[in-house]
Amino acid sequence: MIRKLNRLFQSYAREKRLKIGKFIWDRKIKTEIKEGNNFLKDNNIKSILVLRYDGKIGDMVINTIMFREIKKYYPNIKIGVVTRGGATDIITNNKNVDKIYNYEKKSKKIKELAKEIAAEKYDLLIDFSEMLRVNDMMFINLCSARINMGLDRQKWQLFDISVNSEIDFKWTDHITKRYSAYLIKLGIEKNKLDISYDVFVKEKEIFKEFFNNIKQNKIVVINPYAASRHKSFSIETLEKII
């Protein structure tokens, strides 16, 4: 009973915090967006800041699609990525990423990083969060990018352009379709998209023994767990796969 009451209280308090946070940080003078066929060119985008501060390795791997596809058609666009933890290793040697920013969760560090980024005057900020926490709202606001892009942010003042679920993509689609929706929104043609991933490993020698062992013994590795329960394999599904 006590645990149930605590969960109800935490849920109520979280909802209140998010409302207060949105009231404080959901503020921005809207940038006039040119509605042409080529968002990046029409809006003179010369630098893009990608927010991947959740530290999710799998999502960062999928993000490499965006880095490569943008650079393929616009090699002079600067791409900066905000990340943390193990996800940083995925892009350390990625030739399509120009700058990596280390995100720390403490409010003081968040403000310091946002100030550094704001000084660089990014043209476009892209956030992939399904839900924004108060620190996320603060960070996006303080980064002061000219244009902010997010997921299902039609009703937000902080965002100038929104990728909309069930319109631009469906939640039942593979996640690469969602990331493709961002690229299509930026003006990259759908039929020209390459949705393969890029993971660049600099020290290849240290992995040779491992890969040779896999080739000889045909080892299969299954990771049934994800960041949330609904993305993980159930025991029944895992038994079927095995």
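Structure: above.
Conventions and cut-offs
- Residues numbered from 1 in each chain as written.
- Predicted model: local features only at pLDDT ≥ 70, side-chain atom pairs only at ≥ 80, totals over all residues.
- Heavy atoms only, no water.
- Pairing = 2+ DSSP bridges.
- Helix = DSSP H or I, 4+ residues; strand = E, 2+ residues; numbered from the N terminus.
- Axes fitted to C-alpha atoms, helices over the stretch in contact; angles between N-to-C directions.
- Contact = heavy atoms within 4.5 Å.
- Buried < 20%, exposed > 50% of the residue type's maximum accessible area, 1.4 Å probe, protein only.
- Salt bridge = Lys/Arg side-chain N within 4 Å of Asp/Glu carboxyl O.
- Parallel < 35°, antiparallel > 145°, perpendicular 65-115°, else oblique.
- Left-handed = near helix turned anticlockwise from the far one by under 90°.
- Nonpolar A, V, L, I, M, F, W, Y, C, P; charged D, E, K, R; others polar.

Peer 1: What exactly am I supposed to notice about the sheet that holds strand E5 (residues 147-151) here?
Peer 2: In any sheet, the strands associate via hydrogen bonds between backbone groups, in a parallel or an antiparallel arrangement. If you trace the six strands from one edge of the open sheet to the other, you get E3-E2-E1-E4-E5-E6, paired in parallel fashion. With one partner strand each, in any of the chains shown, strand E3 (99-102) and strand E6 (161-163) form the two edges of the open sheet. For this sheet, the mean inter-axis angle between neighbouring strands, taken without regard to orientation, is 20°. One ladder, built from four bridges, connects strand E1 (residues 47-51) with strand E4 (residues 124-127); its direction is parallel. Opposite Leu51, over in E4, you have Asp127 as the bridge partner. Helix H5 (residues 107-120) contacts E1, strand E2 (78-83) and E3 of the sheet and is inclined by roughly 155° relative to E3.

Peer 1: What should I look at first to understand unusual backbone geometry in this one?
Peer 2: For residues that are not glycine, phi is negative in most cases, and the peptide bond is trans in most cases. We note that Lys121 has phi near 55°; this positive angle belongs to a residue other than glycine. On the secondary structure map, Lys121 appears in the loop between H5 and E4. Judged by relative accessible area, which is 63%, Lys121 ranks as exposed. Even without being a glycine, Ser144 presents a positive backbone phi close to 55°. Checked against the element boundaries, Ser144 lands in the loop between helix H6 (134-143) and E5.

Peer 1: Sorry, what's going on with the pattern of salt bridges here?
Peer 2: Pairing is possible between side chains of opposite charge, provided their charged atoms come close. Scanning all chains against the criterion turns up 17 salt bridges. Notably, a salt bridge pairs Asp160 with Lys28, separated by 2.9 Å at the nearest N-O pair. Taken as a pair, Asp160 in the loop between E5 and E6 and Lys28 in the loop between helix H1 (2-25) and helix H2 (39-42) lie far apart in primary sequence, 132 residues in all. Residue class for Lys28 comes out buried when judged on its relative accessible area of 17%.

Peer 1: I would appreciate a short explanation of the environment of Leu51 in the present structure.
Peer 2: For Leu51, the location among the structural elements is in strand E1. A C-alpha to C-alpha distance of 6.9 Å links Leu51 and Thr83, two positions 32 residues apart in sequence.

Peer 1: I keep staring at the packing of H5 against H6 and nothing clicks. Help me out?
Peer 2: Geometrically, a packed helix pair is captured by the angle between its two axes and the distance between the axes. As a packed pair, H5 and H6 sit with axes 8 Å apart at the nearest point and diverge in direction by 25°. By the angle between their axes, H5 is roughly parallel relative to H6. Crossing angle aside, the handedness with which H5 passes H6 is right-handed. On the side of H5, the interface is formed by Ser107, Ile110, Lys111, Leu113, Ala114, Ile117 and Ala118, while H6 contributes Asn135, Met138, Phe139, Leu142 and Cys143. A per-class count over the contact of H5 with H6 returns nine nonpolar, two polar and one charged.

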